[in-house]
Amino acid sequence: MGQHNGWLRKGRIVDAEITLRVDGAERRLTVDTRTTLLDALRERLGITSPKKGCDHGQCGACTLLLDGRRVNSCLALAVAYDGSEIITAEGLAENGQLHPLQRAFVEHDGYQCGYCTPGQIVSALGMLDEAEAGWPSHVTEDLNVEEIVLDDEEIRERMSGNLCRCAAYANIVPAIREVSDR
Amino acid sequence: MRAHDVEGAVAALAEAPNAEFLAGGTNLVDLMKLGVETPDVLVDVRRLTSDRVEDLEDGGLRVGAAVPNSVLAADRKVRTRYPALSQALLAGASGQLRNLATTGGNLLQRTRCVYFYDTTTPCNKREPGSGCSAIEGHNKNHAILGSSEHCVATHPSDMAVAMAALDAFVNVLGPDGDRRIPIEDLHRLPGDEPQRDTILEHCELITSVDLPPLRFLSNSKYRKVRERASYAFALVSVAAALDVEDGVVRDIRIALGGVAHKPWRATKAEETLRGEPASEENFRAAAEIELEDAEPLRDNAFKVPLARNVMVRTLLELSEER
Amino acid sequence: MSTTAPGSATGTVIGAPLDRIDGPQKVTGTAPYAYEHHVDNPLYLYPLHSDIARGRVARIDAGEAEALPGVIAVISHHNAPTLADTRDRELAILQSDEISFRGQYIGAVVAETFEVARHAANLVSISYDEDRHDATFTPDRDDLYTPEQLNAGFPTDTEEGDVDRAFSSAAVTMDETYTTPVEHNNPMEPHTSVAVWEAGDLTLYESTQGTHSVRRLVAKLFGLDRERVRVVTLHVGGGFGSKGLPHANTVLAVIAAQVVEGRPIKFALTRQQMFSCVGYRTPTVQRIRLGADENGRLTATSHDVVEQTAKIKEFAEQTAYATRTMYATETRRTTHRLAALDVSVPSWMRAPGEAPGMYALESAMDEMAIKCNLDPIEFRIRNEPELDAETGLPYSSRNLVACLREGAERFGWEGRDPTLRARQEGRWLVGTGVASGIYPVFRLPGSKVRISYRGDGRYAMEIGAVDIGTGAWTALTQIAADALGVGVESINLSIGDTDLPSASVAGGSSGITVWGSAIFEAARAFRERHGDDPAAGDTAEAGTPDNPDTENYSMHAFAAYFAEARVNEDTGEVRVPRMTGVFAVGNVINPKMARSQFIGGMTMGLSMALHEESLVDPRFGHVVNHDFAEYHIPTNADVGEMDVTWVDEDDPHVNPMGTKGIGEIGICGSPAAIANAVYHATGIRVRDLPITPDKLIH
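Notes on the structure follow. Computed from a predicted structure; not experimentally measured.

### Here's the deal with the interface of chain C and chain B
In step 1: Of the residues lining the interface, 33 residues belong to chain C; the matching set on chain B comes to 34 residues.
In step 2: If you look at where chain C meets chain B, you find three salt bridges.
In step 3: For the salt bridge of C:Asp570 with B:Arg313, the shortest nitrogen-to-oxygen distance reads 3.3 Å.
In step 4: On the surface where chain C and chain B come into contact, there are 14 residue pairs in polar contact (both at pLDDT 80 or more).
In step 5: The residue inventory of the side of chain C that touches chain B, partitioned by class, reads 10 nonpolar, 11 polar and 12 charged.

### Some remarks on the interface of chain A and chain C
In step 1: Every contact between the two is made by 57 residues of chain A and, on the other side, 70 residues of chain C.
In step 2: Buried surface at the junction of chain A and chain C, both sides included, amounts to about 5,100 Å², of which 54% is carbon and sulfur.
In step 3: Our count for the contact surface shared by chain A and chain C stands at five salt bridges.
In step 4: Note that A:Glu43 is salt-bridged to C:Lys266, the shortest N-O span being 3.9 Å.
In step 5: If you look at where chain A meets chain C, you find 28 residue pairs in polar contact (both at pLDDT 80 or more).
In step 6: At the level of elements, helix H1 (37–44), helix H2 (100–108), helix H3 (117–132), helix H4 (152–158) and helix H5 (169–181) of chain A are the ones that each hand at least two residues to the side of chain A that touches chain C.
In step 7: Taken together, the residues of the side of chain A that touches chain C break down into 25 nonpolar, 17 polar and 15 charged.

### Describing the sheet that holds strand S17 (residues 428–440) of chain C
In step 1: Across the sheet, five strands lie side by side as S16-S17-S22-S23-S26 (chain C); this open sheet has mixed pairing. Here the strands that pair on one side only, and so sit at the sheet edges, are strand S16 (424–425) and strand S26 (641–646) of chain C.

### Focus on the environment of B:Ala294
All names here are of chain B.
In step 1: Its location among the elements puts Ala294 in the loop between helix H12 (280–291) and helix H13 (303–321).
In step 2: With 108 residues separating them in the primary sequence, Ala294 and Leu186 have C-alpha atoms 22 Å apart.
In step 3: Not counting residues within four places of it along the chain, the set of residues in contact with Ala294 comprises Ile144, Leu145 and Val304.

Here is what the cut-offs are and how they apply
The residue numbers shown here count from 1 along each chain, following its written sequence. Here the convention is simple: chains get letters from A, ligands get numbers from 1, in the order in which they are written. Since the coordinates come from a predicted model, pLDDT governs what is reported: local features require at least 70, and pairs of side-chain atoms require 80 or more to be given and counted, while whole-chain, interface and lining totals use all residues. Only hydrogens and water are set aside when side-chain values are computed; all heavy atoms of the structure are taken into account. Contact definition: two residues touch when any of their heavy atoms are within 4.5 Å. Counted as salt bridges are all cases of a side-chain nitrogen of Lys or Arg within 4 Å of a carboxyl oxygen of Asp or Glu. As used in this structure description, the phrase polar contact means that two N or O atoms lie within 3.5 Å; if the pair is within protein, one of them must be able to donate a hydrogen and the other to accept it, and residues adjacent in sequence are counted only when both atoms belong to side chains. Polar here means any residue outside two lists: the nonpolar Ala, Val, Leu, Ile, Met, Phe, Trp, Tyr, Cys and Pro, and the charged Asp, Glu, Lys and Arg; Gly therefore counts as polar. Accessible area, probed at 1.4 Å, shrinks when two parts are joined; the buried area is that loss added up over both. Strands here mean DSSP runs of E at least two residues long; helices mean DSSP runs of H or I at least four residues long; both are numbered from the N terminus. We call two strands paired when DSSP finds no fewer than two bridges between them.

Remember that the coordinates give geometry; whether it matters functionally is a separate question.
This is how it looks when you write it as structure tokens:
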């Protein structure tokens, strides 16, 4: 069985104090340098909307907006992102009203068990920004197109970093489409 | 830890044999959780190297090592001048991973071999001399070219394959200064030292990648074949650039992914095709010459016709779309 | 679609496509899954797994691990408590040094943080006395044996008439073998237990499909009074069967909670660990022989299955079950044989039996239709049975033919050219396929509902049922509303807690049948006793009533699937741009959630056809592609248009709601529709799932 001293420095656990701005609120916390952003939120701050589905960047359930970009928080070491701005699904509602994307997911039943759902929604928000910025995708026919048109095929490809074992995909796409079409 | 500048980062690694550079972390943190990579110290270089894509005086392009994969793929200069690179990046990973992963990190990502990933199964890359579990095991995703009796792993990067086809140069800073490595030389074949993926010294830091000012590279393309429609590593991939005039191949670059321990520059096929008519027949003959020495394993013989077919198809499309 | 429910006063809520009650929680990420319940001062568990498949733990050296700051305990068979009941060899872990499969739990580290626990686990040095193991599944082993019965109590073998004689004299015959691989359920939420042991009381926040069955098991294993064990399960991130029967992870968490009494233990499996010991679908080798007369009427049907089980505990998947009732045939035989290996125990995975069995049967039917020169739909219609051959009973309702016909119309089957490789668009060969679907109406015993009037116009409805993504929170509320004749807003449903009346496990697509019937019964009892104007505190309780019709009718749901497959000429890549599913499932409680169940099942069928395969390396005895990077399930880009509908079906025999259970039927038959489409597109018949590019490249 592999023995290693991988995470220790001079035999001690190294802790660090960091500040994260999460859903608009400044949070100071102490983390083990091995702690990912995902675990920092879930374990240290009790913010459990980002979920741990695989912990290795292979499912997207942990997707957060990190300084405006969607990322897998399970692969981001918290200490490396001291001072960052984070948005989670919990922080999207305004004045007790669900975000339009959240409402669309409810209307279209874009979920079943709900475990991948916060990640799907945050990812979709990030994705919409990327499309707005004119970023092409793997299925964009003309790589040099000026403006991205988000049809179903584009949405599917751009959302493929969020696995859904319940396979709500066929409802997730129209939910996102409804918001992106507006 | 965070160094103040690239020289400091390099010096930190020179002093600490069990330290590693950390950029996006999408491969390193993944491997650390499993105990495959076991650094004592991480030196965060994300903000030290350049995150810009800049024109070079000679007309080429310099890509900073810290440029995120997504930003690089979307860069308009890359999209017009080196489309294969943009396509390769967009075919890789997921939107979220592309936002975190950097140019430097992408080049240095390690194989996806399941036995490499599992610290309880023998692997010469992880532990030289312990054996290769893949040679007689599940090896559908493994190499058909350039492997050795010690290791049959493949390099999983899409970006690196495109860069190999585009004749990129990798700029590296070491304790003794800069060096400029043709991308073809960066990654190694396994040979007797499967534990070494690249020719880099432990403390050398990739600072940028230069793309050459060759005009015809704007007629380039990346085709990736995977089992599912997205978010999966290549079974086989092809990056190619083609310069055809009057139906004759004036210049050509081809690199294959998913077939070897490094991006495979198909130099035999290139040589065969230069100066020849750009016909399907010739493309096919060239592909077959390139794959002549393929040594399939129990599960991956399909990669030979697959690589041939994708090479032919990609070259045909490039010659038609010009 | 009927919107009135029999026996209901107003019948307006059942059949309405209401938004899920837990929708807002799910889209904000605030619905609490097991790991997310707040507990004070928890400790974290990281398991120790065996690295060998058979033998003994020789020595455990935990010194370095124990010395690590933050480590509270290293548990092994040396210091684990002795369980009260050690008969179940899958669940009675840490009771000896014996190892029965690779990945078996042999201990655990408990520490202040997850990172420390994980690190410490890596520092524990374990040496083994290794025995030769046997993890090689092949159908020609000479030690295959016949189980006494199959999962769910079905008989192992059946026989009607002389199949061999009918086969040898049939005008048209086919004899093919189909294989399916090991598959892992892989719900998005890993198995999770948060165990709080305090003064002899145990509270378990558990990710399970059955709170009461977990409580029963834990009480039995640990010799506890059930009243001192409470299991809470408000939300589950999917189960697909793997959280239906309890597994060893729950036991490990409770052991740790006992050893380290006083602090809660949090244990969530890593994705890699999900491939070790929380169940999986057995691989199958299925030989199907069909014989028909010159009119395409089946005279001989045989379905012989070989699959695996663990040496330590038997699980015999009922793979040929559907063949016993699906079609009319003069003679029929089905058999099941098992190879007992040094592997972990197979368990339920969505539609155990029907999923792999219908893949094979519906592929065989396609091959046979072609041999008989008949359209595959026509061939099935010609062999539509009058009665359920196995029991001799009439079907309570059977509208397979209606599903096939409606699906054909919706999908555009008319005028289909059966010629192989006839259609190409660019580099893509295009084909279409059809398959039937079936799933039994299961009833599980042991559910009770309690209704109480709160006095403010609202009724409290309590049952220990679990919503694993099926929509039970909402569906049961709708049923309760109609059963009492009130609006949805008047119902306060409580589920997912053993403090509530006992409920059967969420499995076998039985939830609505069993819990819904109990709700109707309890509502009837309530109104009988308290009338329409109850007083605060009035209450009534009832269990699922017996249904004598189950003795008189064969009850199944049916479906028809259509798929279009595109196969790339150069690469063998397979894409399925559209699927149609038409279902005959009786009444539908909530059309919006029903569509979700159907698309979910059909997509899992697509997954089974094209993607999923757990690769076992027999040299080591474990699954080597144990993560989401290498074990493929569909991404969003793999799923195209999903056209789903259901036929009007009024079945007065199944239960008061007229429903049939819809959670699993979607995967029964849909893989074959895709396999048949791939054949139509390419002329290549792949009889070994998954259908990956390497099997289509020449």
